[in-house]
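Here's the letter readout for the chains.
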Protein chains: 4
Amino acid sequence: MSNKLTHEEQEALVISDDPEHPANLISELCREFYKLGWVTGTGGGISIRQGEHVYLAPSGVQKERIKPEHIFVLPFAQSSVPKPGSKRDFLRIPSKKGLSESQCTPLFWNAFSMRGAGACIHTHSQHAVMLTLLHPRDAQSFKISHQEMIKGVRIGGVGKTLSFFNTLEIPIIDNTAVEEDLTESMAAAMDKYPDAPAILVRRHGVYVWGNTWEQAKTQGECLDYLFEIAVKMLLAKLPLVEDN
Amino acid sequence: MSNKLTHEEQEALVISDDPEHPANLISELCREFYKLGWVTGTGGGISIRQGEHVYLAPSGVQKERIKPEHIFVLPFAQSSVPKPGSKRDFLRIPSKKGLSESQCTPLFWNAFSMRGAGACIHTHSQHAVMLTLLHPRDAQSFKISHQEMIKGVRIGGVGKTLSFFNTLEIPIIDNTAVEEDLTESMAAAMDKYPDAPAILVRRHGVYVWGNTWEQAKTQGECLDYLFEIAVKMLLAKLPLVEDN
Amino acid sequence: MSNKLTHEEQEALVISDDPEHPANLISELCREFYKLGWVTGTGGGISIRQGEHVYLAPSGVQKERIKPEHIFVLPFAQSSVPKPGSKRDFLRIPSKKGLSESQCTPLFWNAFSMRGAGACIHTHSQHAVMLTLLHPRDAQSFKISHQEMIKGVRIGGVGKTLSFFNTLEIPIIDNTAVEEDLTESMAAAMDKYPDAPAILVRRHGVYVWGNTWEQAKTQGECLDYLFEIAVKMLLAKLPLVEDN
Amino acid sequence: MSNKLTHEEQEALVISDDPEHPANLISELCREFYKLGWVTGTGGGISIRQGEHVYLAPSGVQKERIKPEHIFVLPFAQSSVPKPGSKRDFLRIPSKKGLSESQCTPLFWNAFSMRGAGACIHTHSQHAVMLTLLHPRDAQSFKISHQEMIKGVRIGGVGKTLSFFNTLEIPIIDNTAVEEDLTESMAAAMDKYPDAPAILVRRHGVYVWGNTWEQAKTQGECLDYLFEIAVKMLLAKLPLVEDN
């Protein structure tokens, strides 16, 4: 760790009266996501990149009880792109004992570096998981069309919004024993599906991103809505994709 | 835009200590509707007409985070009835950059001008969408009878309340790529079904109105309840309409 | 109306700093019941009897927005037991224009006079309504056994609590066009099923009571839980009643 | 009862400004659990052991309305391990009339004494109950594999966390008429399944514990998530356990 900031400089990175400061937003949004069933049991979370700083929640803690002083801050420009088990550069490590940065760190970095995202959300939403369970085991992606909520989703998560007549496609990758080990397969899926606004992880959840935290959140809501209605449609034996 | 008000006069249109002021109500009700799952992912909203003023939320923003200062105010008496792409007259445009008035504007106007409504709500409720999905593709309307909650719904949305022994009928129209393009088919359905208190939009949601915001909201709740129970009944193969 | 109290005496009946005052409780509990989906769209409510006073919410208003000053107060000792269309004696009528007492008044009185209840709750819970819909049209009652939550329910709603090995039975009566017209059939069902803690109304909801508001509320929760799980069991083709 | 503390000493055991004091936590967590549907209708609750003190909620009260002054405090070192009907030693009994300690007391003690747990939660979650109902009547346990949320669960509730590739197994015991009478069969199941982090009770709910209240709560959430998704999977005829 190449941290050269004083304690005061480190605290200044996360303590702010501005409710829109990333450290305040992460705390507030995690409480909201908990109510949505996205981050129950310490799972899931959100990371925000603001300019050259990346704000991260700790790993394995109750997400609805995070406080700004628990937030890690990393320089976006790392000595090396975060990989499973790699060393990371930090600007701030919380002083509370026993906290380590989110295990999703290299996955969030995929969104930041490959898509230029400003925020990335990871949820364990049951709608996402049930959707993967209702697909064949070797399904490579989920497709849905002709839903108004598709219009809230952007090409690649950061481009133009889709049209009602576009078919939304989201890749599904297999889960791994260690969360960080999803890094490569997530990156490969992002390469193969450049227009996809999210990555579904079988029996696990979803990663979704956007240019800003607002776009990441609203796309997360649109996608979760689509996952939920797709599950209902599959159980009712309704086709997910229609001809135009 | 024929706006001749000073900045102070414009602000006075939306800043008020009265919780029942339309700008405060729209902000509060959108938070409530978010909890109900009606306006997730920036979708849906509510417009209130008070005398000669119409209050509108912005388009494409998080509805649960709207503040009174984000509200547009339009004269109800427009140079021409709002149509897709038409120019609108404004009394107030929020100073926050990048906001435009709700894409539902001409649809809300249908309720104001054709029914004399004082408020119109648009939701993306999954109950409404699933209900349209469980109907045949060419179904023209949804019908239900013998439900206590029917008694909370008014003839045409603004007349006398229905009886337990009345059959409620709500037209279903097809969705379009651009929300404004629903204007004509919604108006045509309102003409054809003068007693209908709402318009369902296939794979999209519902428009519901009332004489006042209270009536629009309570009818929205009664209808959403009926959509939800109708979905459950269809999945359980129970008939929606009974003989008296 | 035989109201002889001054305006100040009337206000003193509902304005209190005590959160356990019936006028405060009704307002608070209706907000809670709204979150539970029991009183959406102005439906449902609660009445509390405290000694010789009965506290009632108004009819046809948003139950989650009731304030103490909207509460009606009636003497429990009426000139004649409330019946559909009968005149009632009041101690306090809210000054807000257009309010009338709950249409459930004579139904609440059934619980007060026939069971000595101290509170009665009426809900439009979808679990209650779906349960009646999943029963045959001529079913006279709902029965369930071997559920821990049965232990939270009292014989006749006001006696000893049931055991895990007791079968709970709740009569189902048919709905009527006017809510007050349920008065007689509810009373007849209470006579025929003296141990029943509640009355289900087909395609409408449930009436449940208790010695106190706490017992009415907790029994309402236990019963709503049982209605919900019974619906799930019926849809999964599981029997509701087991042999001991 | 061998209580030798003064009234002031007793009050000091539960009155604290620290939100992390067990008496404050139990009150707050019960409100949270109520929102999750875990402790509706007075059912369920949580007990916290801190060093030599055990904090218990009262029996048969609305769990979402518990206040710190309603909490019982017992020495963990009892004259004899709590059994059904046995006498208990108390450090503090609430002065409010009519309160008795939770009927789950000897069951919570199983977790404290057999696993060294620091907290034990009991819920009536419908997901737990439906899961037991969807198992054959003589099923001894519930098994699930290949779910990310399994990773939030610890071996025996207090050891190392499980891996994605581990199969989670939780015993199911039969319910009894009196809650305390579950004490022996719960202990027997804990003996037979030393790795199990919880005990399911057929037609009743679940007991789950952890080293701390945080671990008990987050494991309770992970397990409730798994119960919920297992119910959905069983209804969709998906297998709960996969080969590696």
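- As annotated in an unreviewed UniProt entry, chain A carries the name Methylthioribulose-1-phosphate dehydratase and is attributed to Kwoniella dendrophila CBS 6074.
- The annotation that UniProt attaches to chain A under Subcellular location (unreviewed entry) is "Cytoplasm".
- Looking at the Function (unreviewed entry) heading of the UniProt record, one finds this comment for chain A: "Catalyzes the dehydration of methylthioribulose-1-phosphate (MTRu-1-P) into 2,3-diketo-5-methylthiopentyl-1-phosphate (DK-MTP-1-P)."

## Section: helix α2 (residues 22-35) of chain C
Residues and elements named next belong to chain C.
(1) Moving on: Helix length check: α2 (14 residues) gives 20 Å between terminal C-alpha atoms against 20 Å at 1.5 Å per residue, within 8%.
(2) Moving on: The buried fraction of α2 is high, at 10 of 14 residues.
(3) Moving on: For α2, the complete set of buried residues consists of Pro22, Ala23, Asn24, Leu25, Ile26, Ser27, Leu29, Cys30, Phe33 and Tyr34.

## Describing the interface of chain D and chain A
(1) Moving on: Chain D puts 26 residues into the contact, and the matching count from chain A is 23 residues.
(2) Moving on: For the pairing of chain D and chain A, the buried interface totals around 2,200 Å² over both sides, and the portion due to carbon and sulfur atoms is 52%.
(3) Moving on: Linking chain D to chain A there are 4 salt bridges.
(4) Moving on: Our count for the chain D to chain A interface comes out at 17 residue pairs in polar contact (both at pLDDT 80 or more).
(5) Moving on: Looking at the side of chain D that touches chain A, the element that brings in the most residues is helix α6 (residues 213-235) of chain D, giving 11 residues.
(6) Moving on: Partitioning the side of chain D that touches chain A into residue classes produces 13 nonpolar, 4 polar and 9 charged.

## Regarding the sheet that holds strand β6 (residues 168-173) of chain A
Residues and elements named next belong to chain A.
(1) Moving on: Spatially, β3-β2-β1-β4-β8-β7-β6-β5 is the arrangement adopted by the 8 strands of the open sheet, whose pairing is mixed. Unpaired on one side and paired on the other, β3 (72-75) and β5 (141-144) mark the two borders of the sheet. Pairs of neighbouring strands in the sheet enclose a mean axial angle of 20°, with direction left out of account.
(2) Moving on: Lying on the sheet, helix α5 (residues 183-192) is in contact with β6, β7 (198-201) and β8 (205-210); it crosses β6 at an angle near 155°.

## Quick word on the packing of aromatic side chains
All names here are of chain B.
(1) Moving on: Per the counting criterion, the structure on display carries 32 aromatic pairs over all chains.
(2) Moving on: Ring geometry for Phe72 against Phe90: centres 5.8 Å apart, planes inclined by 50°, an arrangement best described as tilted. Of this pair, Phe72 sits in strand β3 (residues 72-75) while Phe90 sits in the loop between β3 and α3 (105-115), and the two are 18 residues apart along the sequence.
(3) Moving on: Residue class for Phe90 comes out buried when judged on its relative accessible area of 8%.

## What about the UniProt feature "active site" (unreviewed entry) in chain A?
(1) Moving on: Sequence positions flagged by UniProt for "active site" (unreviewed entry) are, in local numbering, Glu148 of chain A.
(2) Moving on: Looking at the secondary structure, you find Glu148 of chain A in the loop between β5 and β6.
(3) Moving on: For Glu148 of chain A, a relative accessible area of 5% translates into the label buried.
(4) Moving on: Ignoring anything within four residues of it in the chain, the contact list for Glu148 of chain A reads Phe164 of chain A together with His124, Asn175, Glu179, Arg203 and His204 of chain B.

## Here's the deal with the state of the cysteines
(1) Moving on: Applying the stated criterion across every chain, the model contains 0 disulfides over all chains.
(2) Moving on: No disulfide involves Cys222 of chain B; its sulfur sits 14 Å from that of Cys104 of chain C, the nearest cysteine.
(3) Moving on: Residue class for Cys222 of chain B comes out buried when judged on its relative accessible area of 1%.
(4) Moving on: Cys120 of chain D provides the cysteine sulfur closest to Cys104 of chain D, a residue in no disulfide bond, and the two sulfurs are 8.2 Å apart.

## Examining the side chain of Thr40 of chain C
(1) Moving on: Structurally, Thr40 of chain C can be placed in the loop between α2 and β1 (45-50).
(2) Moving on: Setting aside its immediate chain neighbours within four residues, Thr40 of chain C contacts Met149, Glu221 and Tyr225 of chain B together with Tyr34 of chain C.

## Focus: the relation of the copies chain D and chain A
(1) Moving on: When chain D is fitted to chain A, the residual RMSD is 0.0 Å, and the transformation amounts to a turn of 90° plus an axial shift of 0.0 Å. Taken together, the rotation angle and the small translation identify this as a four-fold axis.

## Quick word on the nonpolar core
(1) Moving on: Of all hydrophobic cores here, the largest spans 207 residues; its most connected members are Phe142 of chain A, Phe142 of chain B, Phe142 of chain C together with Phe142 of chain D.
(2) Moving on: Phe142 of chain C has contacts with Leu131, His135, Leu168, Glu169, Ile170, Ile172, Leu200, Leu226, Phe227, Ala230 and Leu240 of chain C, leaving out every residue within four places of it along the chain.

## Points about the interface of chain A and chain B
(1) Moving on: Across the boundary between the two partners, chain A contributes 26 residues, which contact 23 residues of chain B.
(2) Moving on: For the pair chain A and chain B, the summed buried area comes to about 2,200 Å², and 51% of that belongs to carbon and sulfur atoms.
(3) Moving on: The tally of links between chain A and chain B comes to 4 salt bridges.
(4) Moving on: Of all the secondary structure elements, the ones that give two or more residues to the side of chain A that touches chain B are α2 (22-35) and α6 (213-235) of chain A.

## What to know about the sheet that holds strand β8 (residues 205-210) of chain D
All names here are of chain D.
(1) Moving on: If you walk across this open sheet you meet the 8 strands as β3-β2-β1-β4-β8-β7-β6-β5, and the pairing is mixed. Taken across any chain shown, the strands that pair with only one partner, and hence form the sheet edges, are β3 (72-75) and β5 (141-144). Here the strands of the sheet are splayed against their neighbours by 20° on average, with no regard to which way each runs.
(2) Moving on: In this sheet, strand β4 (residues 119-123) lies alongside strand β1 (residues 45-50) in antiparallel orientation, the contact comprising 4 bridges. Bridge assignment links Ile48 to a residue of β4, and that residue is Ala119.

## Some words on helix α4 (residues 126-133) of chain A
(1) Moving on: Here α4 of chain A lies mainly inside the structure; 7 of its 8 residues are buried.
(2) Moving on: Along α4 of chain A, the residues classified as buried are Gln126, Ala128, Val129, Met130, Leu131, Thr132 and Leu133 of chain A.
(3) Moving on: On its buried face, α4 of chain A is in contact with β5, β6, β7, β8 and α6 of chain A together with α6 of chain D.
(4) Moving on: In this structure Ser125 of chain A caps α4 of chain A, since a side-chain oxygen of it lies 3.1 Å from the backbone nitrogen of His127 of chain A.

## Topic: the environment of Pro58 of chain B
Residue and element names in this part refer to chain B.
(1) Moving on: Tracing the sequence through the fold places Pro58 in the loop between β2 (53-56) and β3.
(2) Moving on: In this structure Pro58 comes out as buried when scored by relative accessible area, which is 1%.
(3) Moving on: For Pro58 and Gly98, which are 40 residues apart along the polypeptide, the C-alpha to C-alpha distance reads 9.5 Å.

## Details of the packing of α4 of chain A against α6 of chain A
Two quantities define a packed helix pair, namely the angle between the axes and the distance from one axis to the other.
All names here are of chain A.
(1) Moving on: Two numbers describe how α4 lies on α6: the axes approach to 8 Å, and their chain directions differ by 45°. Relative to α6, the element α4 lies oblique. Our pair here, α4 against α6, has a crossing hand that is left-handed. Listed contacts from α6 to His127, Ala128, Met130 and Leu131 of α4 are Asp224, Phe227, Glu228, Ala230, Val231 and Leu234.
(2) Moving on: In terms of residue class, the contact of α4 with α6 is made up of 7 nonpolar, 1 polar and 2 charged.

## Description of the UniProt feature "binding site: substrate" (unreviewed entry) in chain A
Residue and element names in this part refer to chain A.
(1) Moving on: This chain's UniProt record puts "binding site: substrate" (unreviewed entry) on Cys104.
(2) Moving on: Structurally, the position occupied by Cys104 is in the loop between β3 and α3 (105-115).
(3) Moving on: The buried category is assigned to Cys104, whose relative accessible area is 6%.
(4) Moving on: If we ignore the near neighbours within four places in the chain, the residues touching Cys104 are His122, Glu179 and Tyr207.

Reading the values: rules and limits
Residues numbered from 1 in each chain as written. Chains lettered and ligands numbered in written order. Predicted model: local features only at pLDDT ≥ 70, side-chain atom pairs only at ≥ 80, totals over all residues. Heavy atoms only, no water. UniProt positions renumbered as here; feature names shortened; annotations may be inferred. Helix = DSSP H or I, 4+ residues; strand = E, 2+ residues; numbered from the N terminus. Expected span 1.5 Å × (residues − 1). Buried < 20%, exposed > 50% of the residue type's maximum accessible area, 1.4 Å probe, protein only. Contact = heavy atoms within 4.5 Å. Buried area = accessible area lost by both parts, 1.4 Å probe. Salt bridge = Lys/Arg side-chain N within 4 Å of Asp/Glu carboxyl O. Polar contact = N/O pair within 3.5 Å; in protein donor to acceptor, adjacent residues only side chain to side chain. Nonpolar A, V, L, I, M, F, W, Y, C, P; charged D, E, K, R; others polar. Pairing = 2+ DSSP bridges. Axes fitted to C-alpha atoms, helices over the stretch in contact; angles between N-to-C directions. Phe/Tyr/Trp six-rings, centres within 6.5 Å; stacked < 30°, edge-to-face > 60°. Disulfide = S-S within 2.5 Å. Least-squares fit on C-alpha atoms with pLDDT ≥ 70 in both. Core = buried A, V, L, I, M, F, W, Y, C linked by side-chain atoms within 4.5 Å. Parallel < 35°, antiparallel > 145°, perpendicular 65-115°, else oblique. Left-handed = near helix turned anticlockwise from the far one by under 90°.

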